[in-house]
Amino acid sequence: MSATRQQLAFAVLGLLGLTLAGCGFQLRGYELDANVQSFAITGMTRAQVVAPLKRALQQAGAEEVAQSEANVVVALLDQRSERRSVSTAGQARVAEYEIDYAVQYQLLGGDGTELTPTTWIERQRIYRLDRGNIVGSSEEQALLQREMLQDVVGQIVRAMDLVSRQAVSADPVPDAT
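Nothing here was measured: the structure is a model prediction, and the numbers come from that model. (Residues numbered from 1 in each chain as written. Predicted model: local features only at pLDDT ≥ 70, side-chain atom pairs only at ≥ 80, totals over all residues. Heavy atoms only, no water.)

Draft legend 1. Highlighting the environment of Val73. Mapped onto the fold, Val73 is located in strand β3 (residues 72-88). You can call Val73 buried: its relative accessible area is 0%. Separated by 31 residues in the primary sequence, Val73 and Thr42 have C-alpha atoms spaced 7.1 Å apart. Not counting residues within four places of it along the chain, the set of residues in contact with Val73 comprises Ala40, Thr42, Gln67, Gln106, Leu107, Leu108, Gly109 and Gly110. (Helix = DSSP H or I, 4+ residues; strand = E, 2+ residues; numbered from the N terminus. Buried < 20%, exposed > 50% of the residue type's maximum accessible area, 1.4 Å probe, protein only. Contact = heavy atoms within 4.5 Å.)

Draft legend 2. Representation of the sheet that holds strand β2 (residues 63-64). Reading across the sheet, the five strands line up as β2-β1-β3-β4-β5 and stay open at both edges, with mixed pairing between neighbours. A single partner strand is all that each edge strand has here, and the edge strands are β2 and β5 (119-128). Of the strands in this sheet, β1 (38-43), β2 and β3 are in contact with helix α2 (residues 50-59), which crosses β1 at around 170°. (Pairing = 2+ DSSP bridges. Axes fitted to C-alpha atoms, helices over the stretch in contact; angles between N-to-C directions.)

Draft legend 3. Region of interest: the pattern of salt bridges. Tallying each qualifying case throughout the model produces six salt bridges. Put simply, Glu122 and Arg80 hold a salt bridge, and the shortest N to O gap is 3.4 Å. Within this pair, whereas Glu122 is found in strand β5, its partner Arg80 is found in strand β3, the two being separated by 42 residues in sequence. Here Arg80 falls in the partly exposed class, since its relative accessible area comes to 31%. (Salt bridge = Lys/Arg side-chain N within 4 Å of Asp/Glu carboxyl O.)

Draft legend 4. Looking closely at the side chain of Ser38. Within the element layout of this structure, Ser38 appears in strand β1. On the basis of relative accessible area, Ser38 is assigned to the buried category, the value being 9%. Beyond its immediate chain neighbours, meaning those up to four positions away, Ser38 contacts Ala62, Glu63, Val65, Glu69, Ala70, Asn71 and Val72.

Draft legend 5. Quick look at the environment of Leu129. Along the chain, Leu129 turns up in the loop between β5 and α3 (134-170). Remark: the alpha-carbon pair of Leu129 and Val94, spanning 35 residues in sequence, is separated by 7.2 Å. In contact with Leu129, other than residues within four places in its own chain, are Val94, Ala95, Glu96, Tyr97, Ile134 and Ser137.

Okay, structure coming up:
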């Protein structure tokens, strides 16, 4: 009887594996238009968003090059990172914090032409402070900060993709005559 159960368990696991493989699951990534083959990041190159932005652009197939050789230049103009209390519990102790992260950027062509106006991207998250588990609260804050950075990176990459697609569609079509 146990051999039958074991065979049934293997069959169920196999079926589950086939289902996951066939559903098209893949890790989320970014795709860029073929026009964005290279990029450069200027301005605040020590901002928190720089490393994840470079990683995302490289995973999308773009190569980091000098500003003069880049198809698209990401000019990081400013960043803000703040934490403030939003609610209190007994004895006026903080119960919840709001963390805020904002980046100001502009996209430029390799020749310095303005592709987008100066834009702010801002993200906020709220988390509860558990005085009985300070380590857990700190880890939750760090996780939320990473999520906000990924949101900002995703928005910049999508803006780059959109601008490059618009530039292609704005190019005049050569006359076939």
